[in-house]
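Listed below are the residues making up each chain.
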Amino acid sequence: MKIDKNCRYMKTHEWVRVVGDLATAGITDYAQSQLSDVVYVELPEVGDAFDKGEVFAVVESAKTAADVYMPISGKITEVNEALSSPQLVNDDPFGEGWFVQFTPSDLSELDALLTPQEYQEHVAQEEGGH
Amino acid sequence: MSYIPHTDSDRAAMLAEMGAEDIGDLFLDVPESVRYPELKLPLPLSEMEILGELRSMSEENADLDHHACFLGAGAYNHFVPSVVGHIIGRSEFYTAYTPYQPEISQGTLQAIFEYQSMVCALTGMDAANASHYDGATSLAEAAIMAVNVSRGKRRKIIVSPTVHPEYRATLRTYTPGSDLAVTGDEEPTSNLQPDGDTACLIIQQPDFFGQLAEASELKQLAEAVHAAGALLIVNTDPISLGLFTPPGEYGADIVVGEGQPLGNPLNFGGPYLGLLACREKCMRKMPGRLVGETVDTEGRRGFVLTLAAREQHIRRERATSNICTNQALCALAAGAYLAAMGKSGLRQVAKLCYHKAHYAATQIAAIPGFDLVGDKPFFKEFVVRCPKPPSEINDALLEQGIIGGYDLGQDYPHLENHMLLCVTEMNTRTEIDCLVEALEEVTHD
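Definitions and limits used
- Residues numbered from 1 in each chain as written.
- Chains lettered and ligands numbered in written order.
- Predicted model: local features only at pLDDT ≥ 70, side-chain atom pairs only at ≥ 80, totals over all residues.
- Heavy atoms only, no water.
- Helix = DSSP H or I, 4+ residues; strand = E, 2+ residues; numbered from the N terminus.
- Buried < 20%, exposed > 50% of the residue type's maximum accessible area, 1.4 Å probe, protein only.
- Contact = heavy atoms within 4.5 Å.
- Areas by Shrake-Rupley, 256 points an atom, 1.4 Å probe, with all protein chains shown as cover.
- Lys, Arg positive; Asp, Glu negative; His and termini not counted.
- Charge placed at Lys NZ, Arg CZ, Asp CG, Glu CD.
- Axes fitted to C-alpha atoms, helices over the stretch in contact; angles between N-to-C directions.
- Parallel < 35°, antiparallel > 145°, perpendicular 65-115°, else oblique.
- Left-handed = near helix turned anticlockwise from the far one by under 90°.
- Nonpolar A, V, L, I, M, F, W, Y, C, P; charged D, E, K, R; others polar.
- Pairing = 2+ DSSP bridges.
- Core = buried A, V, L, I, M, F, W, Y, C linked by side-chain atoms within 4.5 Å.
- Domains from an automatic or database assignment.
- Buried area = accessible area lost by both parts, 1.4 Å probe.

1. Focus on the overall build of chain B
The helix and strand tally for chain B stands at 12 helices and 15 strands. Counting only C-alpha atoms and orienting by the principal axes, one finds that chain B spans roughly 80 × 60 × 45 Å. Buried positions account for 48% of the 445 residues belonging to chain B. Across chain B, the fraction of contacts at a sequence separation of at least 24, relative to all contacts at a separation of at least 6, is 71%. As displayed, chain B offers around 22600 Å² of accessible surface, 54% of which is attributable to carbon and sulfur atoms. Counting 33 positive and 59 negative side-chain charges, chain B places the averaged centre of each group 11 Å from the other.

Listed below in structure tokens is the structure:
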């Protein structure tokens, strides 16, 4: 399982990476492996604003459809149009398979998210529970 | 799999677990006076006697083997070729359900796929689902779908007053509890102009009165709807598409319709079949099930439930549709019907309906006291203004073995004493002439 050291994580398997004033979010490598082949990603529109924890996207795989939650509050500035080839989410979840870019409204919300280390432990725990 | 009933020891174990002595203990909450009521039933009859009794009761129905029918208004008496019954009666097919492990039932999936493909060809759309309960629920689901296509941002549904009154009533059962507004049909000539808050405009072609708008006129309407950023939903009669322009050609985004005319008998009002097809851009918001064609790991053709993820059994807390099951058997009948008729057969049915309806309309319009209403071309239904209340006329017709038309005054107050008559390929010239004669007599009474 890949982990990106520059991201913070949600227990629901979303990642967020903040560079300067801009944040990028997507789903983790573990999430894509659990979903299996992603067949469709429903993205929000540029200009939409979401609070942390709100559903901002839906990811559909051959197996299921899952809601994707906003890691920290913000306003969408760009969506990844390349996800019309949804396989990118499976191939490169932390890179080409990103979902949205947004302007965070409160960076202190990051503190409540899991660190890469904590996320790794969380996944190990979930796996153990299975 | 054999059916394995509970054994006495199973029951004893379950009762012991619940701390009950016998099954009667489980019903102690029911007041004793109503716990085991004495039913005053007649004495038992033999199978032979009961069949006789039921037969004599069913013979009191005004069935279509013994009556000429000129009633349409959403449910249509069309010929059903025998092959339809033979196909849907096969035990491999004979179920109302899509299987829950669908891919193991390749034959069922292929039949659904073919149904979907024919509905697409008929309507001029890219994708069709399989299926809804009836035309009315298809229309309501299409409206909700249009709202979802706008990501819930557009909250207004405009519906033409010439859409079937029961369909509009059904649509209104879907919207309470949401802040969706259904409007446009308050008056016979309401404003149907879409605005920035409009999710969709719903029209019917041929409309409830049987009338057809010109395809060019509908194309302009579609352009206006699209310019406002809304979707055009067209409710249609699938038989009419054998003869007239498919909605896809004049710009419809979602096409719905009652599928009963396609190989399904009138059945006293159900089960019927809801058709729903749409353009590719709306496909992801389409409710229900969609079967797709694919290849297996060895490259062989196969079929899968493609959009099952949209079904309630996966994301039910966020489901956007009421559809939990479908009308697989009625859809199969529609598929078998379309396959049996083919392009030319369907066209011939539509032509027969058209010509017979026009013959009937001309004859009726010539009767003093009766007038043909409406200035547009019509398909198989038309409106006549009557010299008497339609209910009285229909009573008189029924005495002569004729099922008369639909009383429009019950839905449209300004159409009191107006009747909607329907003529299909099933009505013979003799039947039509008898109807005309009977209507002439009615005016003399």
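2. So, the packing of helix H5 (residues 106-123) of chain B against helix H10 (residues 328-365) of chain B
Residues and elements named next belong to chain B. Between H5 and H10, the shortest axis-to-axis distance is 9 Å and the interhelical angle comes to 45°. The orientation of H5 relative to H10 falls into the category oblique. In the crossing of H5 with H10, the sense of the turn from one axis to the other is left-handed. For the pair formed by H5 and H10, the contact residues are Ala 111, Tyr 115, Met 118 and Leu 122 on the first element and Ala 331, Leu 332, Ala 334, Gly 335, Leu 338, Ala 339 and Leu 346 on the second. For the contact of H5 with H10, the residue count by class is 10 nonpolar, one polar and no charged.

3. Points about unusual backbone geometry
The peptide bond linking B:Ala130 to B:Ser131 adopts the cis configuration, its omega dihedral lying at 10°. Residue placement: B:Ser131 occurs in the loop between strand E2 (127-128) and helix H6 (135-149). The phi dihedral of A:His13 falls on the positive side, at around 75°, and the residue is not glycine. Relative to the helices and strands, A:His13 is located in the loop between strand E1 (8-9) and strand E2 (14-19). Classification of A:His13 by relative accessible area gives buried; the value is 11%.

4. Re the pairing of strand E3 (residues 22-27) of chain A
All names here are of chain A. E3 sits mainly inside the fold: five of its six residues count as buried. Two strands pair when backbone bridges link them, and E2 and E3 are joined in this way by six bridges, in the antiparallel orientation. Paired with Glu 14 across the two strands is Ile 27, which belongs to E3. Two successive antiparallel strands, E2 and E3, enclose a turn made up of two residues, where Gly 20 displays a positive phi of approximately 65°. Looking at chain direction, E3 and strand E9 (residues 100-104) are connected through three bridges and run antiparallel. Paired with Ala 25 across the two strands is Val 100, which belongs to E9.

5. Some thoughts on the nonpolar core
Residue and element names in this part refer to chain B. Within the largest apolar cluster, 51 residues are counted, with the highest numbers of intra-cluster contacts made by Tyr 115, Leu 232, Ile 239, Leu 262, Leu 273, Val 291 and Tyr 337. Broken down by secondary-structure element, the contributors of at least two residues to this core are helix H4 (82-88), H5, strand E5 (198-205), helix H8 (215-227), strand E6 (231-236), strand E8 (274-278), strand E10 (301-305) and H10. Counting residues per element, this core draws most heavily on H10, at 14 residues. Viewed by domain, this core spans two of them, domain 1 (68-79 + 343-444) and domain 2 (83-337), each represented by three or more residues. Grouped together as the second largest cluster of nonpolar side chains are 31 residues, Ala 143, Val 147, Ile 202 and Leu 276 included.

6. With respect to the domain arrangement of chain B
Residue and element names in this part refer to chain B. When the domains of chain B are assigned, the result is domain 1 (68-79 + 343-444) and domain 2 (83-337). If you average the C-alpha positions of domain 1 and of domain 2, the two centres end up 28 Å apart. Across the contact, 31 residues belong to domain 1 and 28 residues belong to domain 2. Interface area, domain 1 with domain 2, both sides summed: about 2400 Å², of which 65% is carbon and sulfur. Considering only the side of domain 1, the residues that lose the most area to domain 2 are Leu 346, Phe 379 and Tyr 412, jointly responsible for 26% of the buried surface there.

7. Points about the sheet that holds strand E7 (residues 65-69) of chain A
Residue and element names in this part refer to chain A. Across the sheet, which stays open at both edges, the three strands sit in the order E4-E6-E7 with antiparallel pairing between neighbours. Edge positions in the sheet fall to strand E4 (38-42) and E7, since each has one partner strand and no second. Ignoring strand direction, the axes of neighbouring strands in this sheet form an average angle of 25°. Strand direction decides the pairing type here: E4 and strand E6 (residues 55-61), joined by four bridges, are antiparallel.

8. Let's talk about the pairing of strand E15 (residues 418-422) of chain B
All names here are of chain B. Summarising burial for E15: five of the five residues are buried, a large majority. Here E15 shows no split at all, with His 418, Leu 420 and Cys 422 on one side and Met 419 and Leu 421 on the other all buried. As judged from the five bridges shared by strand E12 (residues 381-385) and E15, these two strands associate in the antiparallel manner. Residue Phe 382 lies in a different strand from E15, and its bridge partner there is Leu 421. With two bridges connecting them, strand E14 (residues 406-407) and E15 associate as antiparallel partners. Directly across from Tyr 406, in E15, lies its bridge partner Leu 420.

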